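# Chains, contacts and geometry: an overview
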Amino acid sequence: MENPLKSKHHVSESEKLKENRINSYGNHNDNIILNFDFSQGLQSWHPNCCDGYVVSGESGYLNAISANSGGRYAVITNRKECWQGLEQDITSRVSPGFSYTVSACVRVLGPLHGSTGVQATLKLEYPDSATSYLFVGRASVTKDRWEKLEGTFSIATVPNRVVFYLEGPAPGVDLLIDSVSVSCSNLKGHESATMKCFADDENIVLNPHFDDGLNNWSGRGCKIALHDSMGDGKIQPLSGKFFASATERTQSWNGIQQEITGRVQRKLAYEVTAVVRIFGNNVTNADVRATLWVQEQNQREQYIGIASLQASDKEWAQLQGKFLLNGSPSKVVFYLEGPPPGTDILVNSLVVKHAAKVPPSPPPIIENAAFGVNIIQNSSLHDGLNGWFPLGNCTMSVGTGSPHLLPPMARDSLGPHEPLSGRCILVTNRTQTWMGPAQIITAKLKLYLTYQVSAWVRVGPGVNTPQNVNVALGVDSQWVNGGQVEVNDDRWHEIGGSFRIEKQPSKVMVYIQGPSSGVDFMVAGLQIFPVDRQARFKHLKKQTDKIRKLDVILKFTGADVDSSLGTFVKVTQTQNSFPFGACVNRTNIDNEDFVDFFVKNFNWAVFGNELKWYWTEAQQGKFNYKDADDILDLCKSHGIECRGHCIFWEVESTVQSWIRSLNKNDLMTAVQNRLTGLLTRYKDKFRHYDVNNEMLHGSFYQDRLGKDVRAYMFKTAHQLDPAATLFVNDYHVEDGCDTRSSPEKYIEQILNLQEQGAPVGGIGIQGHIDSPVGPIVCSALDKLGILGIPIWFTELDVSSINEYVRADDLEVMLREAFAHPAVEGLMLWGFWELFMSRENSHLVDAEGNVNVAGKRYLALKDEWLSHAHGHLDDQGEFRFRGFRGTYTVDVVTLTKTTTKTFVVDKGESPLELTISL
């Protein structure tokens, strides 16, 4: 249908947009729908390929149905397709950059049993692209009563034509519409407008306690049933009168479901609480998961895992989790799944509400921290074995001959220190790996302090196999890793680690364990002390100035430069050239708030999953590169560089089943095809590639294709994309808690690859770290730095419930990285709540509020920008010391102000730059 307003007035798009904005600003609360109550018949409305008429609500003409409003309502009949309904052109009355709230009163009539969906949709026609459809809202309606349909929408760009319409019931079912309201509010008021429709305490799940039987519920590939009891009365509802079961399940994904389309709003966080248990098939415990199935406007499907719980057949348990929708889906279905086929899922209640705002945790108050003071009693063994006891029936005695110097990492933290005693604990007659010396330290620990662990350890003579020695803590019933080292000779070895306790324990025991049964070992100089992070930061600031800054001399040329007349210079750094990046997932870029924070605060990106083989080729021969392309296009449009993560992943559990099923020859062919397909498609698009992820922790390809396959992957990748830097990438390299990925093991692996001709150009340290201690991190960087290969932190995240502690942990890692000469970049493994691999690690909450940790990150980014001002010297020069990056300089003379840009890049200090005015 032709737009009558456009055909009459022939206004330009810019004029129309300007007029629309004026109209919208002037009528924020006005209904932009013409003839919203059908008082003028169907004027301004158009039945879409069907018939329509208006009925007087008071007459009871149509099956004695009265209008909900008491006035008139429209009847849309002779519908042959579900998309046929009633529409209105609203092109001239909507504007980009505004949010609109929709409310309509609807009902159905005709051959229908139960309920059906009525949906509000926008059709957006653009002059140079295909027509798109935007889902607005949906309501479940019946023949029995009028229902309220609600939703919101906004448009980002100016379309050629915008049509609002109501659709949805099955063909042959008449659609009844009582009234329609579309009101505009500024986007800043979006949240309050949304929350008017969906109150914080309103459950968006219909019939959540099954008081109305199984109404609104259905089976996802299975049957559902209603119960007041089961198992001869042994299973009763935990609350209310009924519970439901998902039964006759033949797949793990079968379960009970409910469509919640139109009742969830994008960019709002929701919390889920379900009371569940399992029944039958002789299964006593099974995983029950809450999942969302989301269908986007372009038919793309997405599965969102919300929560998981080990449920029992003995008692009800509470399943809890959160989710957020970034985009505007056309359909959303919530369901429970998980147990093996044949096992029933029982549900007593299910609540989905807007997540309550969690107030930020207060900063921990720690009195008398006693930084650097060892909390181990009788560490020097001057008093024999007093304070120590054997864990298990091993034998302990005091020996001599241990080192007198503190281990290096402790020495870096403590500075000058009195010598150690040279005494050690000798542990013999060990019949279990966990046996060793122990000490109770409960009363000496303080919550939220970060403790460094340090000791010398050694195994007895005659041991021919590598032995793992571990300082462990038993915190009530939980095992906490305090550091470990692999010992394969008769030398003394340094063991170093860290820990922190954030909940008050009833008992904490430290013990040394790990070697095989029958192996004697010795431990000397065990130190556990709280670290002074602020003192470390002062040192790092000096180191940062030395490593990251240059002396810069600006020389100005031009007729207006006259130092004798006091030319004034103001230098402002706009961007530090050091790479600060973040992980991005495809779904994130549908959220404009996420994108805004990302492009403002990061200059590199890495994709969470979208480039991994299991994502791009989940089924053999069926490729999905669109998700990666979408993120890459976004990054390119904002000048953001990208890392390619990852070409292969060596850990078997991450390898898709079709690859695991291949024989040796077919697997090699698949590897070759993966390399050729990926690197040819994206040649020159990714600056880095993680070639074979986590080779210290997995060996899937090497086990099946031989030890040369890893070097082959590197060499082939380099041939296909010579400009890309090729990385090794692994975790727990920097924290002292995993002997499989110690710096020494990493160095050995890299040297072996290089000996086979692999062009290893970068060392990736993932950085998924807990309670980081600067000297431990720095020690790993120093060791790896001797290879002369650039080091990047590739997946950094830190986790703490307390945002202040999280901020401190993040600052430790950022400062250590930025102050180390071997580190050339840093990537955060996400920053947005609900889209990170670890809980309590986000910098921005799900709805866009920056927390304490996020503010700390932004403050450090500001700290690492240089600014200077002053007058030219008598040689017409201006000197300052600054970080590498992009600058603007304002030069003010008697006659004018001139602004120029310049770049401080790698080079010798002092760096001389000439600027022509």
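Predicted model, so just to flag it, every value in this text is computed and none were measured.

## Notes on the layout of surface pockets
Considering only enclosed or pocket space, the second largest pocket measures out at about 1,500 Å³ in volume. Leu 134, Arg 266, Ser 328, Asp 590 and Glu 592 are, among the 48 residues lining the second largest pocket, the residues nearest its centre. Of all the secondary structure elements, the ones that give two or more residues to the lining of the second largest pocket are strand E5 (98-109), strand E7 (132-141), strand E8 (147-154), helix H3 (190-197) and helix H6 (592-601). Ranked by residue count, the leading element in the lining of the second largest pocket is E7, at five residues. For the lining of the second largest pocket, the per-class residue count stands at 18 nonpolar, 18 polar and 12 charged.

## Overview of the state of the cysteines
By definition, a disulfide links two cysteine residues through a covalent bond between their sulfur atoms. For the structure on display, the rule yields zero disulfides. Free of any disulfide, Cys 82 has its nearest cysteine sulfur in Cys 50, 12 Å distant. When its relative accessible area of 39% is taken as the criterion, Cys 82 is described as partly exposed. Between Cys 646, a cysteine without a disulfide, and Cys 583, which holds the nearest cysteine sulfur, the sulfur-to-sulfur distance is 12 Å. Looking at Cys 646, the relative accessible area reads 1%, which means it is buried.

## Some remarks on the confidence of the model for the chain
For the chain, mean pLDDT is 91; residues scoring 70 or higher make up 93% of the total. The low-confidence segment residues 1-29 (pLDDT under 50) makes 40 contacts with residues lying over four places distant or belonging to another chain.

## Let's talk about the sheet that holds strand E14 (residues 255-259)
With antiparallel pairing, five strands are arranged side by side in an open sheet as E11-E14-E19-E16-E17. On the outer flanks of this sheet lie strand E11 (218-220) and strand E17 (301-312), each paired with one strand and no other. Put simply, the sheet's adjacent strands are angled 25° from each other on average, direction ignored.

## So, the pattern of salt bridges
Pairing of side chains with opposite charge becomes possible as their charged atoms draw close. Inspection of the entire model under this criterion finds 46 salt bridges. Measuring nitrogen to oxygen at the nearest pair gives 2.8 Å for the salt bridge that ties Glu 811 to Arg 815. Within this pair, Glu 811 and its partner Arg 815 are both found in helix H15 (residues 803-819), separated by four residues, close to a single helical turn. Taken individually, Glu 811 and Arg 815 each receive the classification buried, so the pair is uniform in this respect. One connected set of salt bridges, linked through shared partners, spans Asp 808, Glu 811, Arg 815, Arg 856 and Glu 863.

Cut-offs used in this document
- Residues numbered from 1 in each chain as written.
- Predicted model: local features only at pLDDT ≥ 70, side-chain atom pairs only at ≥ 80, totals over all residues.
- Heavy atoms only, no water.
- 1 Å grid on protein atoms, 1.4 Å probe; cavity = no way out; pocket = protein on both sides within 12 Å on 5 of 7 lines; lining within 4 Å.
- Points joined across faces, edges and corners; volume = space filled by probe spheres on them.
- Helix = DSSP H or I, 4+ residues; strand = E, 2+ residues; numbered from the N terminus.
- Nonpolar A, V, L, I, M, F, W, Y, C, P; charged D, E, K, R; others polar.
- Disulfide = S-S within 2.5 Å.
- Buried < 20%, exposed > 50% of the residue type's maximum accessible area, 1.4 Å probe, protein only.
- pLDDT = per-residue confidence, 0-100.
- Contact = heavy atoms within 4.5 Å.
- Pairing = 2+ DSSP bridges.
- Axes fitted to C-alpha atoms, helices over the stretch in contact; angles between N-to-C directions.
- Salt bridge = Lys/Arg side-chain N within 4 Å of Asp/Glu carboxyl O.

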